[in-house]
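# Chains, contacts and geometry: an overview
What follows is the residue order along each chain.
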Amino acid sequence: IPAGAEVMIMGHSFGAYTAMELAGNPMFNSSDGESAGYHVNVTHVLAAGADTDWKLSEVPGSTAALVLNNRLDLVVRGEDALQGNASPTHANHAEVWFNGDFKGKGHHPDNYATYLSDTRNPQVSSFLETAAQRYAGQGESFTREVRDD
């Protein structure tokens, strides 16, 4: 990815922590106009299936950030019990919890993808619409699955 490119980063579970870490790192994310060395402009970050709300304060307000979690995901519920909760500090940031149905309980990324495709939540819809407007038909797309086994 060329230095200075606009990017959207998405991650699930440990990938959500990685996505938030990159978006909150001023040496990587130059969305606030500051940069040194290699950097990109992270316009959007989506962290799903991980209790990463405490990382929102590190993400610049110019980067749209969405933390998305399923109340029926025991992995996230366990993390939530161990970590303090933090509210979004910028208007451009949101944390959304949803109730998966019986089929959508658990940690699998498909539960999150299904919610994203079916939701009528205004915060989620706004995040997805701004990302779609920015990235519709432009540039290149890269997807890399990072295996943890």
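Residues numbered from 1 in each chain as written. Predicted model: local features only at pLDDT ≥ 70, side-chain atom pairs only at ≥ 80, totals over all residues. Heavy atoms only, no water.

## A closer look at unusual backbone geometry
Positive phi, normally seen in glycine, also occurs at Ser13, with a value near 65°. One can find Ser13 in the loop between strand S1 (6–12) and helix H1 (14–23). Residue Ser13 is classed as partly exposed on the basis of its relative accessible area, which comes to 23%. (Helix = DSSP H or I, 4+ residues; strand = E, 2+ residues; numbered from the N terminus. Buried < 20%, exposed > 50% of the residue type's maximum accessible area, 1.4 Å probe, protein only.)

## Points about the pattern of salt bridges
A side chain with one charge can pair with a side chain of the opposite charge if their charged atoms come near. Within the structure shown, the criterion is met by three salt bridges. The partner of Glu6 in a salt bridge is Arg134, with the nearest N and O atoms 2.8 Å apart. Within this pair, whereas Glu6 is found in strand S1, its partner Arg134 is found in helix H4 (residues 122–135), the two being separated by 128 residues in sequence. Here Arg134 falls in the partly exposed class, since its relative accessible area comes to 33%. (Salt bridge = Lys/Arg side-chain N within 4 Å of Asp/Glu carboxyl O.)

## Details of the layout of surface pockets
There is about 230 Å³ of room inside the second largest pocket. Around the second largest pocket, the lining is made up of 17 residues, and of these Ala64, Asn92, Ser126, Phe127 and Thr130 lie nearest the centre. Broken down by secondary-structure element, the contributors of at least two residues to the lining of the second largest pocket are strand S2 (41–48), strand S3 (64–70), strand S4 (93–98) and H4. For the lining of the second largest pocket, the element with the highest residue contribution is H4, accounting for six residues. Of the residues contributing to the lining of the second largest pocket, the split by class is seven nonpolar, nine polar and one charged. (1 Å grid on protein atoms, 1.4 Å probe; cavity = no way out; pocket = protein on both sides within 12 Å on 5 of 7 lines; lining within 4 Å. Points joined across faces, edges and corners; volume = space filled by probe spheres on them. Nonpolar A, V, L, I, M, F, W, Y, C, P; charged D, E, K, R; others polar.)

## Remarks on the environment of Leu22
For Leu22, the location among the structural elements is in helix H1. As for Leu22 and Val59, which are separated by 37 residues in sequence, their C-alpha atoms are 8.8 Å apart. Residues contacting Leu22, with those up to four places away along its chain left out, are Ile9, Phe28 and Asn29. (Contact = heavy atoms within 4.5 Å.)

## Remarks on the confidence of the model for the chain
Low pLDDT marks stretches whose predicted atomic positions should not be read closely. Averaged over all residues, the pLDDT of the chain is 88; the fraction at 70 or higher stands at 89%. No element of the chain has a lower mean pLDDT than helix H2 (residues 74–82), which averages 88, and none a higher one than S2, which averages 97. (pLDDT = per-residue confidence, 0-100.)

## Things to note about the nonpolar core
Counting 16 residues, the largest nonpolar core has Met20, Val42, Val45 and Val59 as the members making the most contacts within it. Counting only elements with at least two residues in this core, the list comes to S1, H1, S2 and S3. Among the elements that make up this core, the one with the highest residue count is H1 (five residues). Of all hydrophobic cores here, the second largest spans 14 residues; its members include Leu68, Phe98, Tyr112 and Tyr115. (Core = buried A, V, L, I, M, F, W, Y, C linked by side-chain atoms within 4.5 Å.)

## Some thoughts on the environment of Gly106
Of note, Gly106 is situated in the loop between S4 and helix H3 (109–118). For the pair Gly106 and Asn70, spaced 36 residues apart in sequence, the C-alpha separation works out to 7.8 Å. Excluding anything up to four places from it in sequence, Gly106 contacts Asn70, Leu72, Asp73, Asn111 and Tyr112.

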